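Observations on chain architecture
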Amino acid sequence: MPLVDVAVIGAGAAGLFCAGAAGQRGLKVLLIDHAPKVAEKIRISGGGRSNFTNRECTPANYLSENPHFCRSALSQYTSADFIALMHKHGVPFHEKHKGQLFCDHSSQQLIDVLLAECALGGVERWQPCGVKAVRALTAEDQATAPRYDIETDRGPVQARHVVVATGGLSIPKIGATDFGHRLAQQFGHRIVPLKPALVPLTFDVSQWARWVPLAGVAVPVRIAVDAPAQGKGGGKHGGKAKTQHISFDEDLLFTHRGLSGPGVLQISSFWQPDTPLHIDLAPGTELASAMKQAKSGNRKQLGNAWKDTLPVHIPQRLAQAWLDATREQVPTLRDDQPVAEARDKDLEALGQAFNGWQITPHGTEGYAKAEVTAGGVDTNELSSRTMESKRSPGLYFIGEVVDVTGWLGGYNFQWAWSSGMACARAM
Ligand code: FDA
């Protein structure tokens, strides 16, 4: 039976990176993945160009029941370290927005870096190869033998260390499974409830019908929710749950079924069912006062003129939709009325509708469209320095399978690199 120092299950971002780093430390590493193609999720990431890290990565950019857990790994291997690796391999990249770094040409460049690092570490890869079971040897066996027996489609393997890097549930059609979560439970770990995150939000068909014609329109907004405070139980003390007001200034995109775009994806990770989104479609401008100021002597028709008071360009379709929606509440508001003749009260209603749009999603697009899975292996039962299980020595969990979920913007890959390296250095 083959015997290795390390068996890594899952050849995605975290598994490839950890395997290469462990191999380069002189360990004999076997990397196993059931999917026919390597790192498909990396390939489709960042619109095909992989947003591989973020220059400004801090623990505040992550969600977890224990918001401090990610601190140690992120400080052991930083975004600057990964940027240096990209330089070492001569991969050209650029910053798009808010510290987000993307490959200049394609995600394949990032995959090639990870495969080259694995080659440097002499990593053996079995792919496609399913893992059927993992069994810990008894304490008696462990004194003289490796710690784990692994049953795979290519036969049994023994390993001193097993690293679980099987990711989350998002995009099942390219190989996502709950194998890592089930394995964690088998070894007595708790799973923090899973949910799709960084995901478009959907609405009731009838509720959404009026906005369907806006599909394809994008607009910069401030989008916010009131969510349970981070930490176990949403910060419940003495029966009172603390809430936090979370907001992002990013683009929103109307779709046929609801809302998407970076702002919505960000807020979706915090959104709780049956609670409203608060959307300011003109962040930084109090529209009602701006319109009242613009009244004096203004003979332009309200329908054409009101959006001129906004500091950013608003597509005509969106402006008209808001006027129509507000007019249902305020019949005295008329498109053909000169701005100078509009009643202050009506302008205030229009301004309020635009600055303070509230709408309650019906649900999300689910794992089929989610970029990540929030929740996962409970961090209280893992070492934050090494990612090793506190229940089963020699067993490690890294990447998205752990209850650490990054914001949109390269933070999830950085967690894969940082947690993978913390584990590799500990074995
Ligand atoms: P990952 O999912 O990468 O790998 C898990 C591996 O385990 C897979 O290869 C799978 O086949 C394998 N596996 C699963 N079950 C198995 C089993 N039973 N046996 C054997 N193998 C098994 N993040 C970011 O920072 N920047 C970005 O630009 C993007 N963009 C993006 C776009 C889209 C469309 C998605 C879906 C996701 C992103 N992400 C992202 C998120 C990012 O891709 C994700 O967080 C990381 O890939 C997680 O890395 P892991 O290695 O943990 O899992």
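A short tour of the structure in this document, coming up. (Residues numbered from 1 in each chain as written. Predicted model: local features only at pLDDT ≥ 70, side-chain atom pairs only at ≥ 80, totals over all residues. Heavy atoms only, no water.)

**Points about the site of the ligand**
Near the ligand you find 30 residues, and of these Ala 14, Asp 33, Thr 177, Glu 400 and Phe 413 are the closest. Separating a nitrogen atom of the ligand from a backbone N or O atom of His 34 is a distance of 3.3 Å. In this structure, Asn 412 approaches the ligand through a main-chain N or O atom, which is 3.4 Å from an oxygen atom. When residues of the shell around the ligand are traced back to their parent elements, those giving at least two are helix H1 (13–24), helix H2 (40–44) and helix H14 (411–426). (Near = heavy atom within 4 Å. Polar contact = N/O pair within 3.5 Å; in protein donor to acceptor, adjacent residues only side chain to side chain. Helix = DSSP H or I, 4+ residues; strand = E, 2+ residues; numbered from the N terminus.)

**Quick look at the pattern of salt bridges**
One pass over the structure, following the stated rule, counts 21 salt bridges. Residues Asp 178 and Arg 182 are paired through a salt bridge, measuring 2.9 Å at the closest nitrogen-oxygen approach. Since its relative accessible area comes to 47%, Arg 182 is described here as partly exposed. Its salt-bridge partner being Glu 348, residue Lys 292 comes within 2.6 Å of it at the nearest N-O pair. A residue pair is termed long-range when its members are at least 10 positions apart, and Lys 292 in helix H10 (residues 287–293) and Glu 348 in helix H13 (residues 344–355) qualify at 56 residues. Taking the relative accessible area as the measure of exposure, Lys 292 reaches 30% and is therefore partly exposed. With relative accessibility at 35%, the residue Glu 348 sits in the partly exposed group. Each of the salt bridges in this network shares a partner with another, and the network as a whole consists of Glu 65, Arg 190 and Asp 378. (Salt bridge = Lys/Arg side-chain N within 4 Å of Asp/Glu carboxyl O. Buried < 20%, exposed > 50% of the residue type's maximum accessible area, 1.4 Å probe, protein only.)

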